[in-house]
Amino acid sequence: MDEPWWEGRVASDVHCALREKELKLPAFRAHSPLLKSRRFFVDILTLLSSHCQLCPAARHLAVYLLDHFLDRYNITTSKQLYAVAVSCLLLATEAGEKGALDL
């Protein structure tokens, strides 16, 4: 194997397949009034997932769900956002237990 892995045909095929999947995802508009609090809540999700020893894929899915929920619904208080963030983590954990996050 003379060429680096990122220049090979397999890498190109994987990139194309992932790009196709990415283009089918809903658009992220970043319109939430609490977007400035996102970093704080992502940190909370990270701490909770580390404390509960969840897989990194569950944490990433929880952040993805949080971003899209914030984008679609009008969350106005931090208290509501706490509940949404924990709910996203629970949903992501459930998806991981069912094997939906297995590669």
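As shown above, the structure is provided for reference.
Below you will find a few notes about this structure. Values in this document were obtained by computation on a predicted structure and should not be read as measured data.

Calculation criteria
Note on numbering: residues in each chain are counted from 1, in written sequence order. Side-chain atom pairs in this predicted model are given and counted only at pLDDT of 80 or more, local residue features only at pLDDT of at least 70, and totals for whole chains, interfaces and linings cover all residues. Side-chain descriptors were evaluated using all non-hydrogen atoms of the structure, hydrogens and water having been removed beforehand. Numbering of helices and strands starts at the N terminus; helices are DSSP runs of H or I of at least 4 residues and strands are runs of E of at least 2. To estimate how far a helix should reach, multiply one less than its number of residues by 1.5 Å. Using a 1.4 Å probe on the protein chains alone, a residue whose accessible area is under 20% of its type maximum counts as buried, one over 50% counts as exposed, and one in between counts as partly exposed. We call two residues in contact when some of their heavy atoms are within 4.5 Å. Centres within 6.5 Å are what make two rings of Phe, Tyr or Trp a pair, Trp counting through its six-membered ring; a difference in plane orientation under 30 degrees is then read as stacked, over 60 as edge-to-face, and the rest as tilted.

Brief notes about helix H3 (residues 56-72)
Between its first and last C-alpha atoms H3 spans 25 Å; for 17 residues at 1.5 Å apiece the expected length is 24 Å, and the two agree. Those residues of H3 that fall on the buried side of the exposure criterion are Ala58, Arg59, Ala62, Val63, Leu66, Asp67, His68, Leu70 and Asp71. If you follow the buried residues of H3, they end up packed against helix H2 (38-51) and helix H4 (78-97).

Observations concerning the packing of aromatic side chains
Inspection of every chain in the model, using the stated rule, returns four aromatic pairs. Aromatic side chains phenylalanine 40 and phenylalanine 41 sit 5.2 Å apart centroid to centroid with 85 degrees between the ring planes, which places their arrangement in the edge-to-face category. A relative accessible area of 44% means that phenylalanine 40 is categorised as partly exposed. With a relative accessible area of 2%, phenylalanine 41 lands in the buried category. In this structure an aromatic cluster arises from ring pairing among Phe40, Phe41 and Tyr82.

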